Amino acid sequence: MKYSQFNSIIPYGDKFALYNTFERKVIFLEPKLKDILVEEKQKGIGNLINVHPDFYKYLVENNFIVNDNINELEKIKKLVYEIDESRKKYDLTINPTINCNFRCWYCYETHIKQSKMDTNIVNRVNKLIQKIAQNKELKEFTLGFFGGEPLLYFEKNVIPIIDEFIPVMNKFNKKFDIGFTTNGYLINDKFIDYFNKKQVKPHFQITLDGYGENHDKVRFITQTKGSYFTIINNIKKLAENGMFVRVRINYTDENLEDTYKIGNDFSIMENFAKQNLLIDFHRVWQNTKIDDINIVVDRNVELIRKKGLIAKSSSYNPETVRGSCYADKRNSAVINYNGDVFKCTARDFKTEHREGFLDENGNIIWENNSLERRMNAKFGSVSNCMVNYFHKFRFCNKIFQYTFQ
Ligand code: SF4
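Just so it is clear, the model here is predicted, and its values are computed rather than measured. (Residues numbered from 1 in each chain as written. Predicted model: local features only at pLDDT ≥ 70, side-chain atom pairs only at ≥ 80, totals over all residues. Heavy atoms only, no water.)

A. Representation of the site of the ligand within the structure. Lining the immediate surroundings of the ligand are C100, F102, R103, C104, C107, H111, G148, N183 and R219. Residues that form the shell around the ligand fall into these classes: 4 nonpolar, 3 polar and 2 charged. (Near = heavy atom within 4 Å. Nonpolar A, V, L, I, M, F, W, Y, C, P; charged D, E, K, R; others polar.)

So this is what it looks like as structure tokens:
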């Protein structure tokens with residue numbers, strides 16, 4: 001028998017947690033038992049049966065100790081394959097434009113003023129949607145709008161896609177949802193009415209760069225006209241109309257302190273509308289100071305929760321296999337306004353970096369075998385990385401826990 005490669009031991013309060021990332025099981029160990037486990041692991045884990053038979057039996061039954069002939073790397077490969085090659089779901093993201101009404105300092109995109117999806121590309125996208133929907137294996141289709149700011153030309157190049165998408169989904173009896181990653185400034189009653197008339201509730205991710213003036217320093221219309229209160233009001237309208245909004249708070253060590261006040265701005269909403277909001281703290285990735293502002297994040301999350309709102313702090317997601325990124329999946333693509341195709345939205349969207357293009361018949365033509373190369377990259381020569389890749393953990397996904405003495 002051998003000690004599973006997916007086990008990790010970390011201090012947890014006055015105990016230690018033994019977590020197996022593959023099984024998604026965690027048990028809490030008294031320090032003495034942790035010492036025994038570590039010692040017997042070094043000697044050869046099979047010896048644990050003589051020292052603590054019950055504990056050994058338990059670890060075997062729950063795959064913390066596995067048979068020597070089990071190839072754990074193959075287990076991951078199989079799991080990754082099942083998840084990333086699944087044909088049941090498709091994630092299609094559209095950039096109607098890569099122009100934007102803001103100029104956030106940390107934005108990695110190259111904004112092109114004249115960028116706008118024209119009728120020709122809209123038609124290609126609609127043909128692609130038709131083709132995807134006809135696949136019998138497909139159960140769910142997520143249509144996302146990104147950018148730039150996807151609402152800049154909503155009527156001209158987003159409505160013609162959605163007007164086509166919904167009947168096609170209904171015709172082929174597919175579950176679907178529609179999402180927008182938007183700065184939220186251009187949302188208005190007409191926009192909300194459009195979806196209410198269609199009886200569709202899209203979901204949103206809308207970012208705030210801190211509270212009030214801090215936000216306005218990053219996202220402003222003119223030097224004297226910010227955007228904070230307009231965006232807050234727009235988020236409220238969406239939530240009150242039953243639409244889910246992830247309010248992403250982009251924080252730095254400079255704007256974090258008073259972000260709890262954002263909770264006050266939503267606190268007067270009805271309870272049902274509050275349930276449509278998730279206030280989600282993310283540190284701006286370029287803000288890399290080593291500090292302990294996590295304490296302030298946790299405090300602000302708590303203060304916002306006290307207002308009856310749902311809030312959390314997002315950090316590293318350990319579930320990189322089961323919760324793998326959309327870009328790792330075969331059934332995902334990002335279509336830029338000009339028909340260039342990418343796998344991931346974290347790109348500058350320059351044509352020289354594209355992975356393919358959308359042809360006149362609505363087929364995605366992956367160039368230089370880019371799709372296959374990406375799908376296989378995870379299983380390259382350094383395949384042991386896969387074990388480490390899967391090995392990182394956090395307790396948010398625990399589905400099982402037990403304390404052993
Ligand atoms: S709102 Fe979004 S797309 Fe526009 S500049 Fe800011 S980060 Fe970039």
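B. Broad picture of the nonpolar core. L92, I129, F180, F191 and I335 are the most contacted members of the largest nonpolar core, which totals 81 residues. At 9 residues, the largest contribution of residues to this core is made by helix α6 (residues 154-171). Dropping the residues within four chain positions of it, I335 is found in contact with L92, T93, I94, N95, M117, V125, L128, D340, V341, L358 and I364. Counting 14 residues, the second largest nonpolar core, distinct from the first, contains Y3, L18, L33 and Y56. (Core = buried A, V, L, I, M, F, W, Y, C linked by side-chain atoms within 4.5 Å. Buried < 20%, exposed > 50% of the residue type's maximum accessible area, 1.4 Å probe, protein only. Helix = DSSP H or I, 4+ residues; strand = E, 2+ residues; numbered from the N terminus. Contact = heavy atoms within 4.5 Å.)

C. Highlighting the confidence of the model for the protein chain. Per-residue confidence for the protein chain averages 89 on the pLDDT scale, and 91% of its residues sit at or above 70. For the stretch residues 381-403, pLDDT sits under 50, and the model shows 67 contacts to residues farther than four places along the chain or on other chains. (pLDDT = per-residue confidence, 0-100.)

D. Just the layout of surface pockets, in detail. When its volume is computed, the second largest pocket comes out at roughly 230 Å³. The dominant element in the lining of the second largest pocket, judged by the number of residues it contributes, is helix α8 (residues 212-218), at 3 residues. (1 Å grid on protein atoms, 1.4 Å probe; cavity = no way out; pocket = protein on both sides within 12 Å on 5 of 7 lines; lining within 4 Å. Points joined across faces, edges and corners; volume = space filled by probe spheres on them.)

E. Summary view of helix α4 (residues 72-84). Taking 1.5 Å as the rise per residue, α4 with 13 residues should run 18 Å; its terminal C-alpha atoms sit 18 Å apart, in good agreement. Residues E72, L73, I76, L79, V80, I83 and D84 constitute the buried set of α4. Buried residues in α4, looked at end-on, bunch into an arc of 125 degrees, giving them a common side. Every exposed residue of α4 that faces more than 90 degrees away from the buried side is listed here: K78 and Y81. For α4, the side-chain oxygen to backbone nitrogen distance between the N-cap and L73 is 3.1 Å, and the N-cap itself is N71. (Expected span 1.5 Å × (residues − 1). Arc of directions from axis to C-beta. Polar contact = N/O pair within 3.5 Å; in protein donor to acceptor, adjacent residues only side chain to side chain.)

F. Spatial organisation of the packing of helix α5 (residues 119-133) against α6. Two numbers describe how α5 lies on α6: the axes approach to 10 Å, and their chain directions differ by 20 degrees. Considering the angle they form, α5 stands roughly parallel to α6. Judged by the twist between their axes, the crossing of α5 over α6 is right-handed. For the pair α5 and α6, the contacting residues are V122, V125, N126, I129, Q130 and A133 in the first and N157, P160, I161, E164, F165, V168 and M169 in the second. Along the lines of polarity and charge, the residues of the contact of α5 with α6 split into 9 nonpolar, 3 polar and 1 charged. (Axes fitted to C-alpha atoms, helices over the stretch in contact; angles between N-to-C directions. Parallel < 35°, antiparallel > 145°, perpendicular 65-115°, else oblique. Left-handed = near helix turned anticlockwise from the far one by under 90°.)

G. A look at the packing of aromatic side chains. Going through the model one piece at a time under the given rule, you end up with 22 aromatic pairs. Seen from their ring centres, F180 and F195 are 5.9 Å apart, and the 75 degrees between their planes marks the pair as edge-to-face. One end of the pair, F180, is in strand β8 (residues 175-182); the other, F195, is in helix α7 (residues 189-198), with 15 residues separating them in the sequence. On the accessibility criterion, F180 (1% relative accessible area) is buried. For F195, a relative accessible area of 0% gives the class buried. Following the ring pairs from residue to residue traces out a cluster consisting of F145, F154, F180, F191, Y194, F195 and F204. In this structure, K34 packs its charged tip against the face of F16, placed 4.5 Å from the ring centre. (Phe/Tyr/Trp six-rings, centres within 6.5 Å; stacked < 30°, edge-to-face > 60°. Lys NZ or Arg CZ within 6 Å of the ring centre and 35° of its normal.)

H. Representation of the sheet that holds strand β18 (residues 364-366). The strand order across the open sheet formed by 11 strands is β14-β13-β12-β9-β8-β7-β6-β15-β16-β17-β18, and the pairing between neighbours is mixed. Across the chains shown, the open sheet's two edge strands, defined by having one partner strand only, are β14 (311-313) and β18. In this sheet, adjacent strand axes meet at a mean angle of 25 degrees when their direction is disregarded. Of the strands in this sheet, β6 (89-94), β7 (140-145) and β8 touch α6, which is tilted by about 160 degrees from β8. The strands touched by helix α9 (residues 228-240) are β9 (203-208), β12 (245-251) and β13 (277-283); relative to β9, the strand with the most contacts, the crossing angle is about 160 degrees. (Pairing = 2+ DSSP bridges.)

I. Looking closely at the pattern of salt bridges. Considering all chains together, one arrives at 24 salt bridges under this definition. Of the charged contacts, one joins E302 and R305 as a salt bridge, the two residues approaching to 3.1 Å between their closest N and O atoms. Of this pair, E302 and R305 both sit in helix α12 (residues 294-305), 3 residues apart, roughly one helical turn. On the accessibility criterion, E302 (39% relative accessible area) is partly exposed. The network of salt bridges with shared partners includes E85, R87, R330 and E372. (Salt bridge = Lys/Arg side-chain N within 4 Å of Asp/Glu carboxyl O.)

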